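For reference, the chains in residue letters:
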Amino acid sequence: IITQCTSPGQIALTYDDGPESFTSELLDKLDTLGVKATFFVSGNNVGKGEIDGCGNSWAAIVKRTYDSGHQIAHHTWTHQDLEAANSTIRKTEMIYNEMAFRNIFGWFPTYMRPPFLSCGSNCMSLMSQLGYHIISTNLDTKDYENDSPTLIQVSKNRYSSGVSNTSTSNSYIVLNHDTHEQTVTTLTDYMVQTAKDRGYKLVTVGECLGDPKENWYRSAGSGGA
């Protein structure tokens with residue numbers, strides 16, 4: 001289970017649970033800031049509908065995320081605890097999302113983050129079988145607990161205290177969610193500026209691990225664009 005970058009001086013901002021209503025605004029912001037992030041995409045969570053389904057904009061947003069240079073990664077189909085689920089559900093959570101990525105792109109990711117960061121021996125065994133890098137975090141902003149104009153300062157403080165001023169010997173994989181308004185409108189700007197002020201380079205998780213982009217995805221045969 002991977003929690004940090006392989007080389008110091010790097011910060012990988014990651015966003016879980018989308019696409020959701022704030023994701024497009026986040027993409028606009030990251031474009032403006034010139035930052036590439038990693039999006040751990042859930043396929044059909046919190047009643048939003050399937051990311052490859054008709055009648056919603058999720059597939060277009062996921063495509064835009066990829067086309068903007070961000071890394072797309074797997075965050076299960078309906079955001080269930082993979083360690084607690086039975087073996088059938090555990091595998092279905094992975095395969096259904098792979099099918100959705102196949103339908104959108106013609107490929108699916110080689111990186112995943114387990115919901116609730118829960119991945120013991122059962123989960124790890126399946127991820128090994130399916131060929132995934134398991135990505136956790138060494139800095140969780142807890143933005144989901146602080147999604148209000150007043151509380152978001154708590155997440156800013158967690159980030160500030162968690163990021164060392166000594167970039168030459170530290171690196172971070174930072175956990176956030178693109179499903180929360182304050183993360184998009186306030187926290188992201190703060191994280192980017194703080195990282196730059198302290199001498200860190202902002203990268204994707206794949207870059208953070210020194211892994212060439214061609215390794216981030218694998219072909220699933222015929223599919224979308």
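Scroll up for the structure.
Residues numbered from 1 in each chain as written. Predicted model: local features only at pLDDT ≥ 70, side-chain atom pairs only at ≥ 80, totals over all residues. Heavy atoms only, no water.

A. Local environment of the overall build of the protein. Each helix and strand counted, the protein has 7 helices and 10 strands in total. Relative to the compact-globule value of 17 Å for 225 residues, the protein shows a C-alpha radius of gyration of 17 Å, a close match. Residues classed as buried in the protein amount to 53% of the 225 residues present. If you take every contact in the protein between residues at least 6 apart in sequence, the share linking residues at least 24 apart comes to 78%. For the protein, the accessible area works out to roughly 9200 Å², and carbon and sulfur atoms hold 48% of it. One finds the centroid of the 17 positive side-chain charges in the protein at a distance of 4 Å from the centroid of its 24 negative side-chain charges. (Helix = DSSP H or I, 4+ residues; strand = E, 2+ residues; numbered from the N terminus. Rg over C-alpha atoms; globule rule 2.2 N^0.38 Å. Buried < 20%, exposed > 50% of the residue type's maximum accessible area, 1.4 Å probe, protein only. Contact = heavy atoms within 4.5 Å. Areas by Shrake-Rupley, 256 points an atom, 1.4 Å probe, with all protein chains shown as cover. Lys, Arg positive; Asp, Glu negative; His and termini not counted. Charge placed at Lys NZ, Arg CZ, Asp CG, Glu CD.)

B. Structural detail: the environment of glutamine 193. With respect to the secondary-structure elements, glutamine 193 resides in helix α6 (residues 181–197). On a C-alpha basis, the gap between glutamine 193 and leucine 33 in space is 9.3 Å, while along the polypeptide they are 160 residues apart. For glutamine 193, the side chain forms a polar contact with the side chain of aspartate 197, separated by 2.8 Å. (Polar contact = N/O pair within 3.5 Å; in protein donor to acceptor, adjacent residues only side chain to side chain.)

C. Structural view of the state of the cysteines. Taken as a whole and assessed by the stated rule, the structure comprises 2 disulfides. A disulfide bridge connects cysteine 5 with cysteine 208, and the sulfur atoms are separated by 1.9 Å. Its S-S torsion of about -110 degrees marks the bond between cysteine 5 and cysteine 208 as left-handed, since a negative value means left-handed. Pair noted here: cysteine 5 is in the segment before β1 (10–16) and cysteine 208 is in helix α7 (residues 205–208), with a separation of 203 residues, a long-range link. The pair formed by cysteine 5 and cysteine 208 is uniform in burial state, with each residue classed as buried. Cysteine 119 shares a disulfide with cysteine 123; S-S distance 2.0 Å. Classification of the bridge connecting cysteine 119 and cysteine 123 rests on its S-S torsion, roughly -85 degrees, and on that basis the disulfide is left-handed. (Disulfide = S-S within 2.5 Å.)

D. The packing of helix α1 (residues 23–33) against α6, seen in detail. Two elements in contact, α1 and α6, have axes separated by 10 Å at closest approach and are oriented at 25 degrees. The angle between α1 and α6 places the two elements in the roughly parallel class. As for how α1 packs across α6, the hand of that crossing is right-handed. Across the interface between the two elements, Glu25, Leu26, Lys29, Leu30 and Leu33 from α1 touch Val184, Thr185, Thr188, Asp189, Val192 and Lys196 from α6. (Axes fitted to C-alpha atoms, helices over the stretch in contact; angles between N-to-C directions. Parallel < 35°, antiparallel > 145°, perpendicular 65-115°, else oblique. Left-handed = near helix turned anticlockwise from the far one by under 90°.)

E. Molecular detail of the pattern of salt bridges. Considering all chains together, one arrives at 5 salt bridges under this definition. Note that aspartate 31 is salt-bridged to arginine 64, the shortest N-O span being 3.4 Å. Highlighted residues: aspartate 31 in helix α1 and arginine 64 in helix α2 (residues 58–67), separated in sequence by 33 residues. Aspartate 31 sits in the partly exposed class, given a relative accessible area of 38%. When its relative accessible area of 26% is taken as the criterion, arginine 64 is described as partly exposed. (Salt bridge = Lys/Arg side-chain N within 4 Å of Asp/Glu carboxyl O.)

F. Representation of empty space enclosed by the protein in the model. Applying the stated criterion to the full structure yields 1 cavity of 30 Å³ or more. If you add up the space inside the largest cavity, you get close to 50 Å³. Taken together, Tyr15, Gly18, Pro19, Thr23, Phe39, Phe40, Val41, Val62, Thr65, Ile72 and Asp178 make up the lining of the largest cavity. Counting residues per element, the ones that place at least two in the lining of the largest cavity are β2 (38–41) and α2. It is β2 that provides the largest number of residues to the lining of the largest cavity, a total of 3 residues. Residue composition of the lining of the largest cavity, grouped by class: 7 nonpolar, 3 polar and 1 charged. (1 Å grid on protein atoms, 1.4 Å probe; cavity = no way out; pocket = protein on both sides within 12 Å on 5 of 7 lines; lining within 4 Å. Points joined across faces, edges and corners; volume = space filled by probe spheres on them. Nonpolar A, V, L, I, M, F, W, Y, C, P; charged D, E, K, R; others polar.)

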